[in-house]
Each structure stands twice: as structure tokens, then as C-alpha cells.
Amino acid sequence: MKAIRRFTVRPVLPDPLQPLSDLARNLRWSWHTETRELFQAVDPQGSRAADADPVRLLGAVSAGRLAELARDQQFLHRLSEVSGALQEYLDGPRWYQERLAQGTELPVAVAYFSPEFGVTAALPQYSGGLGILAGDHLKAASDLGVPLVGVGLLYRHGYFRQSLSREGWQQEHYPVLDPNELPLALLREADGTPSQVVLDLPGGRSLHARIWQAQVGRIPLLLLDSDVEENAPGERDVTDRLYGGGSEHRLLQEMLLGIGGVRAVRTYCRLTGHADPEVFHTNEGHAGFLGLERIRELADTGLDFDSSVEAVRAGTVFTTHTPVPAGIDRFDRELIARHFGDDGELPGVAVERILQLGMETYPGGEPTLFNMAVMGLRLAQRANGVSTLHGAVSRKMFAGLWPGFDAEEVPITSVTNGVHAPTWVAPEIFELRARYGGTPGRWDAADRIPDREIWDLRRSLREQLVGEVRSRLTASWRNRGAEPAELGWIDGVLDPDVLTIGFARRVPSYKRLTLMLRDRDRLRELLLHPARPIQIVVAGKAHPADDSGKRLVQELVRFSDDPRVRHRIVFLPDYGISMAQKLYPGCDVWLNNPLRPLEACGTSGMKAALNGCLNLSVLDGWWDEWFEPDFGWAIPTADGSAMGEDRRDELEANALYELIEERVAPRFYDRGAEGLPERWVEMVRRTVGTLGPKVLAGRMVREYVERLYAPAALAHRSLDVATARELADWKARIRAAWPRVAVDHVEAVAPSSAGGPAELGSTLGLRVRIALGALEPDDVEVQAVAGRVDSADALSDTQVFPLKPTGGQDLEGRWLYEGPLALDRTGPYGYTVRALPAHPLLATSAELGLVALPTESTGDGAGVLMR
């Protein structure tokens, strides 16, 4: 028989053990070693069975064991110390509070929206890098004291659990998650009833959602759950699975995340007294509808739509994570129109105004599609990519939104991702650093650690990985139908003294899971080399709807099933946080071979680096930015060529084999007089000590605070109702008048140094006449843009020189602008002149996407060449 309903009967903790409940409910335990060790002491066997999840552990521990612990003075002393440390962590001033005390103007609160959060395996609400990044963002914000509120959805089936068939085909399983068995608490009204948010749907229907709260250190994480009795069956399933369902299903998820998420934040702040956020951070386009809800809030106060847009934009930050248009959610305009307006959400707001925010009305766009990233960019005054290279890729990808500007000037900056060291670094590494003076904030202790201790620890971590792999491989083969008698060979899988390469990530085609299989004979030679063998641990999930990705998984699995090599290469199904925490420390080399430049950042290599694992990667994402020969190896790429994908894969696979064979393996196996690979150990030392501080999530969050959150908060404070109206009216006036703005005449005065040919160090005087139509000089800025010039007269490596108005209008109504242009470099040099809108409340001069440039017949302003 099967139960018709499942629930958990919670134990009653004896009074001396009550602090265990608070420790279990705060997810700081997931990165705090002392708390995890305390719970392991509660019930060592039960801790393993509960996957180290304290909530599950406390739900299963016997009353007798609890009574025993309540009398154990040594345990109670440990409990008091750990509980006190948590309270100090939650209440004490941290970096953010120190900045405030120094007089720095910072937001009173920030709301951080993401479709997924990877905080811990005990709360499986993530699919891959986006969610793990969001989880690390919350943890680092907590460590720094940043007043963040996280907002997401609670998926009752999570993403999926992965297993393999006997033939190696990926199979998906969707276990039902009971929120009452997770480290969550319902947000409740003062009378004890669960708080709810409600969205209006077409046809008079409604979408209800409860608000669950997880506590991530100092950070509340609000998760919306549509599986409530008030909903019809279709609406109950809105939060069933992460990234599941068709277009309408995804749209409802994103409406609930964005619109419902803002309402959840307002509810949370009302009930708890938490400060209302001044800044809203949209982590990828899925949460973009949060801007529409904030527009609706302002419209309810009587502010018009355009003014509300300006007020919302000022306090919004948008982060894009995708380097390809195919990675962005796009909806048919009719679907959007059906869910908004008087028969849906945002009644009273014209549907056409909503559509204008997301339609691809730019060259190269598809004008019938509503693009969530485009809406995110139009409703955010500040935007960023997640590595320097990805920022450049994003500026090109979205350049159509800023016509007339070169891609380099598109107002999308970059903040390179980081990873949360306490979550991902093996405790043994922290312990070794601490013995030589290292602290959580300092990594230079690596220089003081003897080579022998570094190498012995690396081998110990490799040995732990070997045990983990064998255990997981056994479970995988049992799931595939193998009998125990068939699996004796697993006891010989991997060797703790063999160079170990890790490769684990999602399996879209651009990440090229099977590039290593390009020349299988050559790979076998590397795996089975008599003197310098390698071994490879591979993991990854294909999206359930991606059969091509599943075929790649099957191809890798079938190769790794070959009895000739199965002791040297393994595929581990169900890649997730708990596996990754063993995989990164145990590998010597972390492999990443995407199609450049399609990897936005690639944070798995950062996690590996913090554990002393060297990177072997294509120069993409963060590795393009921070690669040095001390930290690993760069795989040569053929991304700039016109060759086909097949030929490119062949060239890059050959480069990979050559690197492993000629440089990586020899350096690992080349031993000195004491039997140590001295050059390898030095690379480990440099990776941990020099690269380590760069890849930290704390560095990333500080950059967000200083470069994006703080300016956004100041802009938000500057835009009261009257100022928002003034700015909206000014933009409308500028847009209407801009067609009559023209650069009519440009003339250059000979360089001041000699009156002859242009020479280094001389100055060129510019005199420009601008027609402004109905505008005034205060409405525009006029600039000379100068730099190197190629044979097609295209400018690069440019500098901007402001020109100032001199005198009034001439008889033809034109304004005169003048200024110097310093000639500070040799070689072919050129310039142009342009006029841009100017207002003190614009974040950048490109914000409106308007620019006036000279025509070919404009004066003598074609440029100047400098020898």
C-alpha cells in the first residue's frame, strides 16, 4: 500500500538543545565547518544518511539520543560556542557597516532576483552555473554585511535527478520536494495565516503563491510557491519544475518571479520591518517583469508611465549571463498582450506601452518577439556582463539598442564572477593555510607552506576523490542494472598517484563535452601511457529536452564503459553541489574547452583553482582575463577563422592532446631530488596565493556594491516624483527634436607646435558648427573622438575630447563649439565629431541611443593623419 499523504513528525528538542534548531534553519551551516562538525556529532551515522542536512538529521534522530546529548556537558559547551558564533556573525558589523560608518553613501537595502539559487544540496533549486553564482552572491553578501534580500521560486521538483540506462542514455527523475522537510519557514501574517501574493490572469483567473523563507546567513531568501489549494490545477503547477514546460508556462513562472517577487518583498518588509530596497538587481532576464510591477506601484500614486519608467530605471541593475541570443527567453507578442492589460496584470497600463519595452524594434531584431533581456536593459540604468570578455560580447550582441554608437560604447560594463571560498574549498586546505598564518581574508600564506606539505595534501585530496568516485560509480552501475558480481573492477578505478583531470558542467553543445573523444586512439594512449598516464573524471547534465546533449553524454559514457580504459576515465551521473565539493579539491587539472567566446564566465575553474587545481582551458570567460602561465595552460583556439566547426574542433582537440602530452603530464611527473614535482607545486602555490584572491565572490560583491549598487541608490534618491517627471519630459523633448540636430561644419586649425605637419605632442584646434533645432546648448554635449585609423577610416583605441560652446548662434541658427585635440600618439590617426544628449541624471551619454555625426560633406573634418 502507498500513503495518500506524506508529512514529517518533528522531534521536540530538550531545552538545552534548542539552539540546534536555529543552527539548522540558518544555511550558514553549509559553509561553516564548525557547525557542520557539531551536527555530525549529534548522530554520525544519521548525518551520512541525511547527506549532512541538519534539518533532515534532526527529523530522524531518536529521542533517546537527544536526551543523552542534553546531559553531555562537552557537547553543550560546543553548542554554546557555535551558537554564540552564529549570533555574533548575524549581529556584528562587517565590511558594509564599516563603509557606512566612514560616511560612504550606500543603499539601505538591495533586492536580488534570480530564477534559481544554488545554496546547498539540501535546497535543490538550481540547474547550473547561474544558480550556483546566485547562491555564492548571497553568501558573500552575508559575509560582507550587505543588506540583500534574495527572491526566487520554490520548484516542487527542483531541476531533475540524473541517472543512466544500461546503454548510457540519460534518464530524468523528478522527486517531489516537501517544503516542510527543507530548511524553510513560511512567511506568516500577524494572525498566523500564511502570507500570499496574487497575480491576475486572463479570463478572470488568479495565480496565488505562498512565500517560503530560507535564511542564508544574514540574508533572507524568499521563494514563491504556487502549489497551494487556492489555485486551479494548472496554476498549482506553475512552480513545478525549473526550466520546464512550454512558452506560456515559462511566462507565468517569470511573471510570478518578477511581479510576484516584488510583492513578496513588500510583504516581507511590512511584516519584519526590513528596510524597503532602494536597488533592484535582476540576475538575468527571467526576472525582468519586476520593473513592470514597480511601474504599476508608481502609477498607483498618480505618476505617469514615462515618469515611472525613469524612476524605476534609476534604481535597477541588470546582469546578463548569456553570450548568445538563443539563450534568452523570447515570447510571442500576442502571448504577452493576452496576459497584461485590463484582462490580466497591470490593468490601466496600455498593453502597447508594455510591449514597447521588450519588442526587438531594432536592426536585426525580430519585431514580433518580446525579448526578456531587452526589457531588462530598457528598464535598468546600469547593466553588466559577467567577465571582461563577456562584457565585450554583450555590447556587440545588444548594440542594436544603441544605434549610432560603436559596440565599445554600448553602456554595458562587466563585473567578473567570483566564487564563495568557504563553500568550495576543502577544509584541509584552510587548515593547512591556517597553520602557516593564513586567514579567511589573506591568501599569501601559500608562499610559506613547504613543498612537501602541499604535495602530500594534494595526494590526500586525490585519494579522497578516488574513494568518492568508486562509491558513486558503484551506485550508478547498480542503477543501470548491474549485479554486484559484475562490479569487482570498480575497486581498481582511478589511482591516487595518477594525474587527474576534471571536467564537469552542463552539456549544451558549445561546451563540447566530447571534444576529448575527437581522436579516440590518441586519448587512449594518454590514458594508458606507461610512464605518464592520465585519468579523467567527467560529470554533467543535458537539459531534458536536449536530445543532442543526451547523445553527447551517451557517447562519453560508452567510451568510458570500454574495459580497456574504464579504470582511467569515468562519467558520474547527477552532477550537483555535493559531488562538486569533492571533485574540485581532488583534481589536479580542470579542463574547459568551450567554443570561444560562448562561455560567459565559467566559474567551475575558479572553484578548482581555489583548491590548488591548475586550469587547462580555452581563453574564454574569466580565464581570458586572468590567465598566466603560473596558473595553468591556455588551449589555442581557431575562433577567428572562417573554417567550419568540424575543422575547428579537429584543430583544437589536437592542441589539447599536445598540451597534455608535451607540457601538462611531463610537469606533473617530472620529480626532483626529493621525489617532488617542484615546478608543479610552485604552480599550485601561485594559483592559490596569487589567482585565489581574484576569483573570490567577496571581491565580486564589493564591485557590485561600489560600481553598481551605490550609484543606483544615489540615482534612485535623486529621482523624486517631480524630478522623474522633469527627466521624462526632457527625454521626450530630446527625442522629438533630435532629427533636426546636425553637425554642419568642422574645421581644423593647424597644430600649434609648428603650423606644419602633425607631430607628436602638438595640438590640433577644432571649430565645429552644430544645428540644434529647438534644443539649447545645455541639452547636448559636443565631442571630438580621436584614435587610430585603419585603411577604411575606422577609428579604434579612441579618446574623447570635449568641445565647448563659444558665443551665440550665427545667422543660420548654428552654434559654434571649439576645443583642442592633443596629438599624443604616432602613426595613422583620425578623428570625428559628434553631438550627444546631455543631462546630469543620465548614467552615460549613450543612454538614449541618440547621436549626431558629420556627413561626408561636412567641412574638412575627415580627419588628420599623424606620422
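Predicted model only: the values in this text are computed from it and were never measured. (Residues numbered from 1 in each chain as written. Predicted model: local features only at pLDDT ≥ 70, side-chain atom pairs only at ≥ 80, totals over all residues. Heavy atoms only, no water.)

A few points about the overall build of the protein
The following threshold applies: The way it works is that DSSP assigns letters per residue, a run of H or I at least four long becomes a helix, a run of E at least two long becomes a strand, and they are numbered from the N terminus. Within these notes, the globule rule equals 2.2 Å times the number of residues to the 0.38 power, and the radius of gyration is based on C-alpha atoms. Note on exposure labels: buried denotes an accessible area under 20% of the residue type's maximum, exposed denotes more than 50%, and partly exposed covers the range between, all computed with a 1.4 Å probe on protein chains only. Contacts are assigned to residue pairs with any non-hydrogen atoms lying within 4.5 Å of each other. In this description, accessible areas are obtained by the Shrake-Rupley approach with a 1.4 Å probe, and a residue is regarded as covered only by the protein chains that are shown. A positive count includes Lys and Arg, and a negative count includes Asp and Glu. His and the chain ends are not counted in either. For charged residues, the charge sits on one atom: NZ in Lys, CZ in Arg, CG in Asp, CD in Glu.
The helix and strand tally for the protein stands at 28 helices and 26 strands. Its C-alpha radius of gyration of 30 Å places the protein within 12% of the 29 Å reference for a compact globule of 867 residues. With 867 residues in all, the protein has 57% of them scored as buried. Of the contacts made within the protein by residues no fewer than 6 positions apart, 72% connect residues no fewer than 24 positions apart. For the protein, the accessible area works out to roughly 34,700 Å², and carbon and sulfur atoms hold 49% of it. Charge centroids of the protein, computed over 96 positive and 119 negative side chains, lie 4 Å from each other.

A look at the confidence of the model for the protein
Where the model shows low pLDDT, its predicted coordinates should not be examined in detail. Just so we agree on the cut-off: pLDDT is a residue-level measure of predictor confidence that goes from 0 to 100.
The share of residues in the protein with pLDDT of 70 or more is 95%, and the mean pLDDT across the chain is 93. In the model, residues 861–867 has pLDDT below 50 throughout and makes 24 contacts with residues more than four positions away in sequence or in other chains.

Quick word on the sheet that holds strand S26 (residues 829–837)
Keep this limit in mind: Should DSSP find at least two bridges between two strands, the strands are regarded as paired. Between N-to-C directions, angles cover 0 to 180 degrees, with each direction set by a line fitted to C-alpha atoms, over the stretch in contact for helices.
With antiparallel pairing, 6 strands are arranged side by side in an open sheet as S21-S22-S25-S24-S23-S26. Strand pairing shows two members of the sheet lacking a second neighbour, strand S21 (742–749) and S26, which therefore form its edges. Each strand axis lies, on average, 30 degrees off the axis of its neighbour in the sheet, ignoring direction. Two strands pair when backbone bridges link them, and strand S24 (residues 795–809) and strand S25 (residues 814–822) are joined in this way by 3 bridges, in the antiparallel orientation. In the sheet register, Gln 809 faces S25, and the bridge partner there is Trp 815.

A look at the pattern of salt bridges
What counts is decided by this rule: A carboxyl oxygen of Asp or Glu within 4 Å of a side-chain nitrogen of Lys or Arg is what we treat as a salt bridge.
Evaluated as defined, the whole model comprises 66 salt bridges. Where Arg 266 meets Glu 297, a salt bridge forms, and the shortest distance between an N and an O atom there is 2.8 Å. Taken together, the residues span a long stretch of sequence, with Arg 266 in helix H10 (residues 247–272) and Glu 297 in helix H11 (residues 290–299) at a distance of 31 residues. Two residues, Arg 767 and Glu 747, come together in a salt bridge whose shortest N-O distance is 3.3 Å. Separated by 20 residues along the polypeptide, Arg 767 in strand S22 (residues 763–771) and Glu 747 in strand S21 bring together distant segments of the chain. Connected through shared salt-bridge partners, Arg 263, Glu 293, Arg 296, Asp 300 and Glu 345 make up one network.

Looking at the pairing of strand S19 (residues 614–618)
The cut-off we apply is this: Whether a crossover is right-handed depends on one test, that the path from the first strand over the helix to the second runs clockwise when the strands point away from the viewer.
Among the 5 residues that make up S19, 5 are buried, leaving the element largely enclosed by the rest of the structure. Burial of S19 is two-sided: the residues Leu 614, Leu 616 and Val 618 facing one way and the residues Asn 615 and Ser 617 facing the other way are all buried. Relative to S19, strand S18 (residues 589–592) is paired through 4 bridges, and the arrangement is parallel. In the sheet register, Trp 590 faces S19, and the bridge partner there is Asn 615. As a crossover connection, the stretch from S19 through helix H24 (residues 621–626) into strand S20 (residues 632–635) is right-handed.

Observations concerning the sheet that holds strand S16 (residues 534–539)
The parallel open sheet is built from 6 strands, whose spatial order is S17-S16-S15-S18-S19-S20. Only two strands of the sheet have a single partner each, and these edge strands are strand S17 (569–572) and S20. Taking each pair of neighbouring strands and ignoring which way they run, the sheet shows an average axis angle of 20 degrees. Where strand S15 (residues 499–504) and S16 come together, 6 bridges link them in parallel fashion.

Some remarks on the pairing of S20
Successive side chains on a regular strand alternate, one facing one side of the sheet and the next facing the other. The pairing of S19 with S20 spans 4 bridges and is parallel. In the sheet register, Asn 615 faces S20, and the bridge partner there is Gly 632.

Side note on the side chain of Ser 414
Mapped onto the elements, Ser 414 comes out in strand S14 (residues 413–414). Residues in contact with Ser 414, not counting those within four places in the same chain, are Asn 384, Gly 385, Ser 387, Thr 388, Gly 391 and Arg 707.

Brief notes about the environment of Tyr 817
Residue placement: Tyr 817 occurs in strand S25. On the basis of relative accessibility, which here comes to 2%, the residue Tyr 817 falls in the buried class. With 217 residues separating them in the primary sequence, Tyr 817 and Ala 600 have C-alpha atoms 42 Å apart. Setting aside residues up to four positions removed in sequence, Tyr 817 forms contacts with Leu 766, Arg 767, Val 768, Ile 770, Leu 772, Pro 777, Val 780, Val 782, Leu 803, Lys 804 and Pro 805.

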